[in-house]
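Structure assessment
Read off the chains here:
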Amino acid sequence: MAKDFLKREENYSKWYNDIVLKAGLAENSAVRGCMVIKPYGYAIWEKMQAALDKMFKDTGHSNAYFPLFIPKSFLSKEADHVEGFAKECAVVTHYRLKNSDNGDGIIVDENAKLEEELIVRPTSETIIWDTYRKWVQSYRDLPILVNQWANVVRWEMRTRLFLRTAEFLWQEGHTAHATKEEAIEETEKMLEVYTEFAEKFMATPVIKGLKSENERFAGAIETYCIEALMQDGKALQAGTSHFLGQNFAKAFDVKFSNKEGKEEYVWASSWGVSTRLVGALIMAHSDDNGLVLPPKLAPIQVAIIPIYKSDEEYKITCEKAKEIKKELESKNISVKLDDRDTHKPGWKFNEYEFKGVPVRIAVGMRDIKNKTVEVARRDTLEKTSYQEADIANKIEHLLEAIQDNLYQKALTFREDNTTKVDSWDKFKEVLDNKGGFILAHWDGTAETEEKIKQETKATIRCIPLNSIAEKGKCVYSGNPSEKRVIFARAY
RNA sequence: CGAGGUGUAGCUCAGUUGGGAGAGCGCUAGACUGGGGGUCUAGAGGACGUUGGAUCGAGACCAACCACUUCGACCA
């Protein structure tokens, strides 16, 4: 299976694509630009969902569901918002089909034209704020802290599995608040949730920051983001959280009476992460032997493979394997015992390695005799013989060690690939030869950002939140700058 | 939306001047095997992307269309 598998340095994007296909995560579908997420890939998304959903609930949010279709007129109520999304919307114009007159198929019934065309949601701010108008009258109705898990459609020209597809799955939180301060606090709180998720579950370090005006969400006052660095030196936006001010409240006339009985517009935030995170996860940790998954998001944490020759040995090794499985499961470790007789042990070793299973345990007659098991860890590819006694505790600690090691490795990689740059020549040189994050001074103007983008394809990924004030000169224009921002080529 | 490329078995592809549709992998059955994708034998599997055209004759030539893909512009 992986014999003809490419190395990362040969062709990074083909390497990525092959992992997605051959590890059984997803595949292209009959519909252009849309993907089929296969069970193993969906299982990773479900682990992500479960972790995030708990974090949302723990911060006081509730789930709800809003329609897939948005009346066309809604979209145009917020000027920046419609401008940002208009070019990539799927539109429903009719609601019925009929047999064609010449009998060779089915056609749109032109008599079934919709009075008002419907947009397939590219995001749900408009339909949600139209709804919130009905929910809010008094400050007592606030805040509204709602999240929805949904699919959205953005009609992309060029697509890549998980990283950019015409339809994708995500969550979008939409909150309404009585004050500006509270809405900003919410926006920042959710960025913190995303950061914690990325670092603790995905084992991927991220940089928190603000988007420049060019990169800001259409309709937001301020867009916060977390940016991760992939192994090919390109940046990937792993999550965004927007402070929407009163833009949508004004567009949809959502007002409330405050304690003094005065009418005010509601303050808003929205925030989201998508199945793109699965792509980020793949690119952050995987190696030339295939997928590498952090234990906290791996659908299978431990695979157990019995090694046997005869039917009798099959029974004995499977019996031992089942014992071990049960012990591990008592520690809430997810275990797959692969007792299929239809595949050879060697084949299974490669299979689980390619699929990124963090720990593999082999049990053979030799092990049983010695009261040991052979343990192989995916992150380092090390094989060690463990005494069978107290195996569950040992594996539990091993999984923690793997999770930690992946994070440290990714952090070291990011540090090694973050470069401070003070001249335009150096900027271009680092970008072309090394890649990664570039910390450089910027004069704060959209014009300079646009020129840098045109000349180098690098964009401002974010203005880091924790950056230290440092006077300097813009790397491009030479104009004065107050602090460094992060440039990179991005996904 | 612009420029190129590719459509032949489940997958990757070969197919010479236009004349009998092939290989490797995978799949099925059996035997030997079994601590890193094993070997051998036998077998199944095809509207050659679609439509039209020139030709005695097209997988191959011509045209249109469709799909996929790479690179650009756009984007999470």
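Source: prediction; values computed, not measured. The residue count restarts for each chain, going from 1 along the sequence in the order it is written. As a convention, the first chain written is A and the first ligand written is 1, with the rest following in written order. With pLDDT at 70 or above as the cut-off, local features in this predicted model cover only qualifying residues; side-chain atom pairs require 80 or more to be listed or tallied, and sums for whole chains, interfaces and linings still use all residues. No hydrogens and no water enter the side-chain calculation; it runs on all heavy atoms of the structure.

Here's the deal with the overall build of chain A
Helices and strands together make up the secondary structure of chain A, namely 14 helices and 27 strands. Atoms counted for the radius of gyration: C-alpha only. Globule rule: 2.2 Å times the number of residues to the power 0.38. Computed over the C-alpha atoms, the radius of gyration of chain A is 26 Å, within 12% of the 23 Å expected from 2.2 N^0.38 for a compact globule of 491 residues. Referenced to the eigenvectors of the C-alpha coordinate spread, the extents of chain A come out at roughly 80 × 70 × 55 Å. Between buried and exposed lies partly exposed: a residue is buried under 20% and exposed over 50% of the maximum accessible area for its type, with that area taken using a 1.4 Å probe on protein chains only. Counting the 491 residues in chain A, one finds 52% classified as buried. Restricting the contact set of chain A to residue pairs at least 6 apart, pairs at least 24 apart contribute 68%. Lys and Arg are tallied as positive, Asp and Glu as negative. Neither His nor the chain termini are counted. By convention, the charge on Lys lies at NZ, on Arg at CZ, on Asp at CG and on Glu at CD. Here chain A carries 72 positive and 78 negative side-chain charges, and the mean point of each set is 3 Å from the other. Strands are runs of DSSP state E lasting at least 2 residues, helices are runs of H or I lasting at least 4, and numbering of each runs from the N terminus. Should any heavy atoms of two residues lie within 4.5 Å, those residues are counted as being in contact.

A closer look at the pairing of strand β16 (residues 267-274)
Burial analysis of β16 places 8 of its 8 residues in the buried class, which makes it a mostly covered element. Of the two faces of β16, the one carrying Trp267, Ser269, Trp271 and Val273 and the one carrying Ala268, Ser270, Gly272 and Ser274 are both buried. In the sheet, strand β10 (residues 167-177) pairs with β16 via 8 bridges, with the strands oriented antiparallel. Bridge pairing in β16 links Gln171 to Val273. Should DSSP find at least two bridges between two strands, the strands are regarded as paired.

A word on the pattern of salt bridges
Side chains that carry opposite charge are capable of pairing whenever their charged atoms lie near each other. Every case where a carboxyl oxygen of Asp or Glu lies within 4 Å of a side-chain nitrogen of Lys or Arg is listed as a salt bridge. Here the structure, examined in full by the defined rule, presents 32 salt bridges. A salt bridge links Glu117 to Lys72, with the nearest nitrogen and oxygen atoms 3.1 Å apart. One end of the pair, Glu117, is in strand β8 (residues 113-120); the other, Lys72, is in helix α3 (residues 72-75), and 45 residues separate them in sequence. Between Arg484 and Asp422 there is a salt bridge, with its nearest N and O atoms 2.9 Å apart. Taken together, the residues span a long stretch of sequence, with Arg484 in strand β27 (residues 484-488) and Asp422 in the loop between β22 (418-420) and α13 (424-433) at a distance of 62 residues.

Some remarks on the packing of α13 against helix α14 (residues 446-456)
Note on method: axes are straight lines fitted to C-alpha atoms, helices fitted across the in-contact stretch only, with angles between N-to-C directions ranging 0 to 180 degrees. Contact pair α13 / α14: the axes reach a minimum separation of 12 Å and the direction vectors enclose 45 degrees. Judged by the inter-axis angle, α13 sits oblique to α14. Relative to α14, the crossing made by α13 is right-handed. Residue-level contacts link Trp424, Phe427, Lys428 and Leu431 of α13 to Ile452, Glu455 and Thr456 of α14. Per-class residue counts for the contact of α13 with α14 are 4 nonpolar, 1 polar and 2 charged. Between 65 and 115 degrees an angle is taken as roughly perpendicular, under 35 as roughly parallel, over 145 as roughly antiparallel, and anywhere else as oblique. In a left-handed crossing the near helix is turned counterclockwise from the far helix by less than a right angle, and in a right-handed crossing that turn is clockwise. Residue polarity is assigned by list, with Asp, Glu, Lys and Arg as charged and Ala, Val, Leu, Ile, Met, Phe, Trp, Tyr, Cys and Pro as nonpolar; anything else, Gly included, falls into the polar class.

Digging into the domain arrangement of chain A
Here the limits of each domain have been adopted from an automatic or database domain assignment. Taken as a whole, chain A is organised into domain 1 (12-68 + 123-285), domain 2 (300-397) and domain 3 (418-488). The C-alpha-based centres of domain 2 and domain 3 are spaced at 50 Å.

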